[in-house]
Amino acid sequence: MEDVATPEAFARDPDLVHRFYDMRRAAIQMKAPNAAHAALARLDREWRGGLLIVTQNVDDLHERAGAQRVLHMHGEHLNAWCTACDARPRWTGPLIDRPACPECGARALRPDVVWFGEMPYRMEEIFAALREADLFVSIGTSGAVYPAAGFVRNARDLGAMTLELNLEPSQGSAWFHESRHGPATRIVPAWVDEVLSGAA
Ligand SMILES: [Zn+2]
């Protein structure tokens, strides 16, 4: 991954990086949301209180499942970013042929994804949400990629209950008040049912 997911790689061999992301961009459009995406979209639809789905995923499967309160901290495959004018147009096709930016016409579009060594997006909003949260839930993450891996400790320090939903204990498992392990497609819908029925 690091061969294509760094600003240095893009400077060194932009065609290689564009080819890789063009393939990923095409591939995610063939994927469909799963039961975990659907459950979180249902939570978003039916939960009247505050909610923010912060995702490291760069696909649009949360949105296609119907979720609206979603923040992509690592950017999105289906956006391009114009390094000339800073526009971030929706983009579903390839970038390898250096198409012109629809805003400014420059041929300076790159994938709008956060590469290694770049700052994740919208960290102020994320920390504002962590400060307000009564419950912090980590879903399907290794707990190895910072800053997201540190959110559980931030949330705990700020007084939230913390719950891990993951296939197996993550590297940060010990930081959670509670952990449930199993496939996301099973344990996320079960947890959402609990929350919406008032049992959680
Ligand atoms: Zn532009």
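The structure this text deals with has already been given above.
Residues numbered from 1 in each chain as written. Predicted model: local features only at pLDDT ≥ 70, side-chain atom pairs only at ≥ 80, totals over all residues. Heavy atoms only, no water.

**Some points on the overall build of the protein**
Right, so step 1: Each helix and strand counted, the protein has seven helices and seven strands in total.
Right, so step 2: Secondary structure of the protein in N-to-C order comes out as α-α-α-β-α-β-β-β-α-β-α-β-β-α.
Right, so step 3: In terms of C-alpha radius of gyration, the protein reaches 18 Å, essentially the compact-globule figure of 16 Å for 200 residues.
Right, so step 4: Looking at the protein as a whole, 41% of its 200 residues are labelled buried.
Right, so step 5: Contacts spanning at least 24 positions in sequence make up 55% of the contacts within the protein whose residues lie at least 6 apart.
Right, so step 6: A total of about 10900 Å² of accessible surface is found on the protein, and carbon and sulfur atoms cover 53% of it. (Helix = DSSP H or I, 4+ residues; strand = E, 2+ residues; numbered from the N terminus. Rg over C-alpha atoms; globule rule 2.2 N^0.38 Å. Buried < 20%, exposed > 50% of the residue type's maximum accessible area, 1.4 Å probe, protein only. Contact = heavy atoms within 4.5 Å. Areas by Shrake-Rupley, 256 points an atom, 1.4 Å probe, with all protein chains shown as cover.)

**Re the coordination of the zinc ion**
Right, so step 1: For the zinc ion, the protein coordination sphere consists of C82 (SG), C85 (SG), C101 (SG) and C104 (SG), at 2.3 Å.
Right, so step 2: What the four donor atoms of the zinc ion show is an angle range of 107 to 112° at the metal, which sorts the shape as tetrahedral.
Right, so step 3: Ordering the donors of the zinc ion by residue number gives the pattern C-x2-C-x15-C-x2-C. Taken as a pair, C82 in strand β3 (residues 75–82) and C101 in the loop between β3 and β4 (109–113) lie far apart in primary sequence, 19 residues in all. (Donors = N, O, S within 2.8 Å, 3.2 Å for Na, K, Ca; no water. Tetrahedral: all angles 85-135°; square planar, octahedral: opposite > 155°, others 65-115°.)

**Some details on the nonpolar core**
Right, so step 1: Among the nonpolar cores identified, the biggest contains 15 residues, and L40, L43, L165, V188, W191 and V192 are the most heavily contacted of them.
Right, so step 2: Of all the secondary structure elements, the ones that give two or more residues to this core are α3 (35–46), β6 (161–166) and α7 (184–196).
Right, so step 3: In this view, L40 contacts I53, H62, I139, V188, W191 and V192; residues no more than four positions away in its chain are not counted.
Right, so step 4: Counting residues in hydrophobic clusters, the runner-up holds twelve residues, among them L71, M73, A155 and F176. (Core = buried A, V, L, I, M, F, W, Y, C linked by side-chain atoms within 4.5 Å.)

**Considerations on the side chain of R110**
Right, so step 1: Inspection of the secondary structure puts R110 in strand β4.
Right, so step 2: Residue class for R110 comes out buried when judged on its relative accessible area of 5%.

**Structural notes on the environment of A80**
Right, so step 1: By the element assignment, A80 lies in strand β3.
Right, so step 2: Accessibility expressed as a relative area gives 0% for A80, which makes it buried.
Right, so step 3: Sequence separation between A80 and G93 is 13 residues, and the spatial gap between their C-alpha atoms is 9.8 Å.
Right, so step 4: Residue contacts for A80: discarding those within four places in its chain leaves A87, R88, P89, W91, L95, L109, R110 and D112.

**As for the sheet that holds strand β7 (residues 178–181)**
Right, so step 1: Read from one edge of the open sheet, three strands run β5-β6-β7, paired in parallel fashion. Either end of the sheet is taken by a strand with one partner, and the two such strands are β5 (135–139) and β7. Shown here is a sheet whose adjacent strand axes are inclined to one another by a mean of 15°, direction ignored.
Right, so step 2: Pairing of β6 with β7 involves four bridges; the strand directions are parallel. Counted as the bridge partner of N166 is H181 from β7. (Pairing = 2+ DSSP bridges. Axes fitted to C-alpha atoms, helices over the stretch in contact; angles between N-to-C directions.)

Nothing here speaks to function; it is all geometry.
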